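Spelled out, the chains give:
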Amino acid sequence: MTSGDKSNLLEEMMKLKNLSVAACGLLFVGGVVDAREIQLGHTLSADSHYSVGSDAFKATLEELSGGEFTVREHPAGSLGGERAMIEGLQIGTVDVVITSTGPLGNFVPETYVLDLPFLFDDYDHARAVLDSEIGDDLLADMEQHDIIGLAWSENGFRHMTNSRNEVHGPDDVAGIKIRTMENQVHMNAFRELGASPTPMAFPELFTALQQGTVDAQENPVTVIVATKFWEVQDHISLTGHVYSPAAVLGSGPLWDTLSEEERGWFNEAARASAEATRNEVLRLETEGLDLLRENGMTVIEEVDTTPFQNAIEPVYEAFIERHGAEMLERIQNFEG
Ligand code: EAX
């Protein structure tokens, strides 16, 4: 092939590429505009509370933008675990992620405060704090790390499940091999309880429980239902040991390409997503327990959390030593 042939070939290829880009364009009155497809990832199944949030994000963004943006959902960890997807946001290979705070503190240390056990009393308390200036400040802290904090959504209060024995108090978790999120605060807490924490990305968890690599895991009812953990776990204790927020996050590199108006659409879509997800969490919090029982799990509803709270006290001290007390005190002094 001569160099002339090569440049002709290149030209032909460019034409083809332009054609296919144009073919993706949407026809509007007044001209042709390329619709931009937003790639949205999360780790849970396509019928989970995160999917409900994804649907609301998609509907809102597509409507507000008049079709300028479309949204494609990638559920069930098909783009990787939460840590990998957050990295994707930073380099622009993923546009929007709905994630727990599990690995987030590794990128934005300010958010570790939210992972402290027994910090929030109930759903109303957690939501009020996250919807206040405190939550806004934490979202704003993310931008310097190329992550855009769009809204605080929800995963739910986390409970322990296992296949070894019923858990009523800290003694029952002594020596148990429990999968934790990739999060130093969570790992410390389970160490203080005498368990043996193994950090792991969520997409690996089901198989790890199935194969007995770990005996236990902890997640909200929402996640346990969405993942059918009853297939690999016998007991659940409603320890509610930590509130697990979810965050709707955008990509820094994507943000740089958006106008103020477009950014507003993303913010509104994320808020709609959070609201839809929070409603679904509350629904599943009660209905989900019946589903767990129907599928053979023992549900230990009455758990005295005081011994757990006493045992994890040093986690707060370690946190303050490492991250300071300012944000923690703001949350503890919050009056909604
Ligand atoms: O965000 O990793 C976890 O246990 C999370 O709760 C799950 O991925 C949903």
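Note that the structure is predicted; figures quoted are calculated from it, not measured.

Cut-offs used in this document
Residues numbered from 1 in each chain as written. Predicted model: local features only at pLDDT ≥ 70, side-chain atom pairs only at ≥ 80, totals over all residues. Heavy atoms only, no water. Helix = DSSP H or I, 4+ residues; strand = E, 2+ residues; numbered from the N terminus. Rg over C-alpha atoms; globule rule 2.2 N^0.38 Å. Buried < 20%, exposed > 50% of the residue type's maximum accessible area, 1.4 Å probe, protein only. Contact = heavy atoms within 4.5 Å. Areas by Shrake-Rupley, 256 points an atom, 1.4 Å probe, with all protein chains shown as cover. Lys, Arg positive; Asp, Glu negative; His and termini not counted. Charge placed at Lys NZ, Arg CZ, Asp CG, Glu CD. Near = heavy atom within 4 Å. Polar contact = N/O pair within 3.5 Å; in protein donor to acceptor, adjacent residues only side chain to side chain. Nonpolar A, V, L, I, M, F, W, Y, C, P; charged D, E, K, R; others polar. Expected span 1.5 Å × (residues − 1). Axes fitted to C-alpha atoms, helices over the stretch in contact; angles between N-to-C directions. Parallel < 35°, antiparallel > 145°, perpendicular 65-115°, else oblique. Left-handed = near helix turned anticlockwise from the far one by under 90°. Salt bridge = Lys/Arg side-chain N within 4 Å of Asp/Glu carboxyl O. pLDDT = per-residue confidence, 0-100. Patch = residues over 30% accessible without salt bridge, like charges linked within 9 Å, V, L, I, M, F, W, Y side chains within 5 Å.

**Considerations on the overall build of the protein**
- Along the backbone of the protein there are 13 helices and 11 strands.
- For the protein, whose C-alpha radius of gyration is 22 Å, the value lies close to the compact-globule estimate of 20 Å for 336 residues.
- Counting only C-alpha atoms, the protein reaches 75 × 45 × 40 Å along its principal axes.
- Within the protein, the proportion of its 336 residues that are buried is 52%.
- Pairs at least 24 apart in sequence give 75% of the contacts found in the protein among residues at least 6 apart.
- In the structure as shown, the protein presents an accessible area of about 15,000 Å², 49% of it carried by carbon and sulfur atoms.
- Charge centroids of the protein, computed over 21 positive and 57 negative side chains, lie 7 Å from each other.

**A look at the site of the ligand**
- Taken together, the neighbourhood of the ligand is formed by Thr43, Tyr50, Glu82, Ser100, Asn155, Arg158, Arg179, Met181, Phe202 and Asn219.
- At 3.0 Å, a side-chain N or O of Arg158 approaches an oxygen atom of the ligand.
- In isolation the ligand has 270 Å² of accessible area, and contact with the protein removes 99% of it.
- A per-class count over the shell around the ligand returns three nonpolar, four polar and three charged.

**Describing helix 2 (residues 49–64)**
- Here helix 2 spans 23 Å end to end across 16 residues, near enough to the 22 Å set by a 1.5 Å rise per residue.
- Listed in full, the buried residues belonging to helix 2 are His49, Tyr50, Ser51, Gly53, Ser54, Ala56, Phe57, Thr60 and Leu61.
- Looking one or two places after helix 2, you find Gly66, whose phi comes out positive at around 60 degrees.

**Notes on the packing of helix 2 against helix 10 (residues 260–294)**
- In the contact formed by helix 2 and helix 10, the axes pass within 7 Å of each other and the chain directions differ by 150 degrees. As summarised for this structure, helix 2 and helix 10 are arranged roughly antiparallel, according to the angle between their axes. The chirality of how helix 2 crosses helix 10 is right-handed. From helix 2, His49, Val52, Gly53, Ser54, Ala56, Phe57, Thr60, Leu61 and Leu64 reach across to helix 10, where they touch Trp265, Phe266, Glu268, Ala269, Ala270, Ala272, Ser273, Ala276, Thr277, Glu280 and Val281.
- A breakdown of the residues in the contact of helix 2 with helix 10 according to their chemical character gives 12 nonpolar, six polar and two charged.

**Brief notes about the pattern of salt bridges**
- According to the stated counting rule, one finds 13 salt bridges in the structure shown.
- The residue Arg36 makes a salt bridge to Asp95 at a minimum N-O spacing of 3.9 Å. Of the two residues, Arg36 is situated in strand 3 (residues 36–41) and Asp95 in the loop between helix 3 (82–91) and strand 5 (96–100); the sequence distance between them amounts to 59 residues.
- One network of salt bridges, with partners in common, ties together Glu280, Arg283 and Glu287.

**Structural notes on the confidence of the model for the protein**
- For the protein, the average pLDDT comes to 93, and 90% of its residues sit at 70 or higher.
- Across the protein, element-level confidence peaks in strand 5 with a mean pLDDT of 99 and bottoms out in strand 1 (residues 25–28) with 42.
- Scored below 50 in pLDDT, residues 13–32 shows 14 contacts in the model against residues more than four places distant or in partner chains.

**A word on the packing of helix 6 (residues 184–192) against helix 12 (residues 313–323)**
- Where helix 6 contacts helix 12, the two axes come as close as 9 Å, and the packing angle between them is 150 degrees. In this structure, helix 6 meets helix 12 at a crossing whose hand is right-handed. Of the residues in helix 12, those touching helix 6 at Gln184, Val185, Asn188, Ala189 and Glu192 are Pro314, Val315, Ala318, Phe319, Arg322 and His323.
- Of the residues contributing to the contact of helix 6 with helix 12, the split by class is six nonpolar, three polar and two charged.

**A look at a negative patch on the surface**
- Residues Glu192, Glu313, Glu317 and Glu321 make up a contiguous surface patch of negative charge.
- Examined against the element boundaries, Glu313 turns out to sit in helix 12.
- What makes Glu313 partly exposed here is its relative accessible area of 42%.

**Description of the side chain of Asn162**
- Summarising the element assignment, Asn162 is placed in strand 6 (residues 147–162).
- For Asn162, a relative accessible area of 2% puts it in the buried group.
- Beyond its immediate chain neighbours, meaning those up to four positions away, Asn162 contacts Val167, Ile176, Asp215, Ala216, Gln233, Asp234 and His235.

**Focus: the environment of Ile134**
- Considering the arrangement of structural elements, one finds Ile134 in helix 5 (residues 133–141).
- Along the sequence, Ile134 and Ile331 sit 197 residues apart, while their C-alpha atoms lie 7.4 Å from each other.
- In contact with Ile134, not counting residues within four places along its chain, are Val129, Met327, Arg330, Ile331 and Phe334.

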